[in-house]
Amino acid sequence: MLLLALAAATATRAASSAVDTLGIPPAAASVFGIAKQQGKFTCLTDKNKVISFDKVNDNFCDCPDGSDEPGTSACAPEGRFYCLNEGHKGASIPSSKVNDGVCEFACCDGSDEAPGVCPNRCVPLAAARNEERMARRKVIEGGMAKKMEYIKNGEAKMESRLKELASLQAKRIRVGTQITEARTQKEVEEAKEMVARREAVQEAAAKLSGELGVDGMEKEKLVEVYRQLKGRTGEVLKVVLEEIKLKAEIKEEKEGEKEEEEEGEGKREDTTEESRQKEAALMKERLMNRREKGGKKEDTFFKKQLGPVLADDEEEVEHDESIFDDHYAEDEDDEEDEEGEDEEDEEEEEETSGKKGNKEKGEEVLEELNPILKDMLREAEEGVNEPLPSAEAARKALTEAEKEEWELNKRVKEIESEGEEDYGGGFEFYLLRGKCFTKMVNKYKYEMCPYKEAQQLEGSAVSGTKLGKWEGMERLNASSSIKTAGREDILHKFIFRHGAKCWNGPERSLTVLVGCGLEDEVVSVNEPSMCEYEMEFRTPAACSSVLLDEEEEEEGGGEGWHAEL
């Protein structure tokens, strides 16, 4: 019965419609009505152009904007023709398609052609559209109800974050005070620790000095001990070496001063034959004396501990033995008698030369110590650097306080960063933060995490190709909303940029079209351009009464014909 009544009303309206108002949208009916009463029509965009009303829809274009011919094709292509589509959604088509012998789908009432040419298909279309509208309205209204929950929960969470932020900031002040106090306490305890260590070193040094018998040693033996222990590490040994150095009156030259002295000695060297012979004779005498004694010296207590130590004259002879060889040749009998001793001298010379070579390269060669002495040195150093318990506790307290401050600063920064984002007018998008939504397309899974990042994964992988990092949400007003066949109106976009670079192409990016839905879900994913991805996402957070208002405007039939109206 409803369909029959609707068809009858449509037929009555078509029969009573005046030819001069054909193609006029309801929104402009009052403009043409007033003009008809006045008997004259003013062109819509050119107000200086006024024509007699009987020239409206006379199949001749009088107005430059084509506004006087809404029901004919005379002003094509500027003109527009409006199909009333009674009972259905009105539509606007180019006036060039009027009376072209083709029944336009948009004009289901057939008004774009002469009466009787096109059948009226608006009744069944209206019924189908009404079902779609009701279903869509149900989604919008249901989504808006859920959106209110999102807003409520979002506001509660944001308020909780703000309270947490205030608490963290207050705690950060307290921790800052604790750190200042802990640093002061650490300095005090470490000063005590330093004194305790110094005392322990002095005590251990006195003990080691006594064990070595430093006080009872002659100067020559002290020099010998100093030469053996010099270059070895240890705080206790360092103190003992300083004591020996003072007792033996050992003066060490700096490297630069030593080189200058050697250079000066080289310049002062007497190169005359007579002086060289005297020096060689002296060396020969000293060498012969050493050989008569069998190259042995009286063992001392310290020497027993350290092992054999070369005397000063031995090293000097080995270093200058070439002078003796250059100026004095021995008889063959003497050479045979002393062959064994010469071989020992050569071995000692090679060893000394090797050590000197290493020293020239910057490598300090230390002689192997007697195991007993090595144990003495090791035991002397043990325990002198033990940390003071109170100092350890002070350091630990400072470390823990600084760590707590770092964690507080990190959390404060996170909350402040959260607060800078756009979550909609009532924090309705806040609940999407920290969540990820996926969609399988062929073998790939697309994962979108609002306020974080998006990526493309293959199979069951947990990480994949980055499609971009979150750059923000873009809001669209009703006039700039996206209207695409099969899609709800889109009033928001999520933007992800600077993803992984495509081979021989741009960086990947993702634009998410956010529409109204009853659940949070990814509807589709595609790649309209190389490495530029597009995703449709539905959520109750995107539902708005604006979408219902748009439906009512569509029903009013005011679209697509002269925005000036």
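Residues numbered from 1 in each chain as written. Predicted model: local features only at pLDDT ≥ 70, side-chain atom pairs only at ≥ 80, totals over all residues. Heavy atoms only, no water.

A. Here's a closer look at the sheet that holds strand 7 (residues 453-458). Sheet architecture is open: eight strands sit in the order 5-6-7-8-9-10-12-11, paired in mixed fashion. Sheet topology places strand 5 (437-441) and strand 11 (521-529) at the edges, where each strand pairs with a single neighbour. Going across the sheet, the axis of each strand differs from the next one's by a mean of 25 degrees, ignoring polarity. Two elements, strand 9 (residues 492-498) and strand 10 (residues 509-516), share five bridges in a ladder whose sense is antiparallel. By the bridge assignment, lysine 493 is partnered in strand 10 with leucine 513. (Pairing = 2+ DSSP bridges. Helix = DSSP H or I, 4+ residues; strand = E, 2+ residues; numbered from the N terminus. Axes fitted to C-alpha atoms, helices over the stretch in contact; angles between N-to-C directions.)

B. Layout of the packing of helix 3 (residues 122-212) against helix 12 (residues 371-381). One way to put it is that helix 3 packs onto helix 12 with a least axis distance of 10 Å and a crossing angle of 165 degrees. Relative to helix 12, the element helix 3 is oriented roughly antiparallel. In this structure, helix 3 meets helix 12 at a crossing whose hand is right-handed. Of the residues in helix 12, those in contact with Ala204, Leu208, Glu211 and Leu212 of helix 3 are Leu373, Met376, Leu377 and Ala380. Among the residues forming the contact of helix 3 with helix 12, the class breakdown is seven nonpolar, no polar and one charged. (Parallel < 35°, antiparallel > 145°, perpendicular 65-115°, else oblique. Left-handed = near helix turned anticlockwise from the far one by under 90°. Contact = heavy atoms within 4.5 Å. Nonpolar A, V, L, I, M, F, W, Y, C, P; charged D, E, K, R; others polar.)

C. Summary view of the packing of helix 4 (residues 219-229) against helix 5 (residues 235-247). Remark: helix 4 packs on helix 5, axes separated minimally by 9 Å, with the N-to-C direction vectors making an angle of 145 degrees. Crossing of helix 4 against helix 5: the hand is left-handed. On helix 5, the residues that touch Leu222, Val225, Tyr226 and Leu229 of helix 4 are Leu237, Leu241, Ile244, Lys245 and Lys247. In terms of residue class, the contact of helix 4 with helix 5 is built from seven nonpolar, no polar and two charged.

D. Structural detail: the environment of glutamine 38. Its place among the elements puts glutamine 38 in helix 2 (residues 29-38). A C-alpha to C-alpha distance of 8.2 Å links glutamine 38 and phenylalanine 53, two positions 15 residues apart in sequence.

E. Local environment of the state of the cysteines. Scanning the model with the defined rule gives eight disulfides in all. Put simply, cysteine 43 and cysteine 63 are joined by a disulfide, and their sulfur atoms are 1.8 Å apart. Judged by the torsion about the S-S bond (-75 degrees), the cysteine 43/cysteine 63 disulfide is left-handed. Here cysteine 43 is found in the loop between strand 1 (40-42) and strand 2 (50-52), whereas its partner cysteine 63 is found in the loop between strand 2 and strand 3 (80-83), with 20 residues between them in sequence. Comparing cysteine 43 with cysteine 63, the two get one shared label, buried. Covalent S-S linkage joins cysteine 516 and cysteine 543, the inter-sulfur distance amounting to 1.9 Å. On the S-S bond that ties cysteine 516 to cysteine 543, the torsion sits near 85 degrees, and the link is right-handed. On the criterion of sequence distance, the pair formed by cysteine 516 in strand 10 and cysteine 543 in the loop between strand 12 (532-539) and helix 14 (545-556) is long-range, its members being 27 residues apart. Across the pair, exposure class does not vary: cysteine 516 and cysteine 543 are buried alike. (Disulfide = S-S within 2.5 Å. Buried < 20%, exposed > 50% of the residue type's maximum accessible area, 1.4 Å probe, protein only.)

F. Molecular detail of unusual backbone geometry. Geometrically, the link from alanine 76 to proline 77 is a cis peptide bond, its omega value of 5 degrees lying close to zero. Within the fold, proline 77 resides in the loop between strand 2 and strand 3. In this structure, asparagine 57 takes a positive phi of about 60 degrees despite not being glycine. The residue asparagine 57 is located in the loop between strand 2 and strand 3 in this model. Notably, phenylalanine 427 is not glycine yet its phi reads approximately 65 degrees, a positive angle. Looking at the element boundaries, phenylalanine 427 is found in the loop between helix 13 (389-419) and strand 5. Assessed through its relative accessible area of 30%, phenylalanine 427 is described here as partly exposed.

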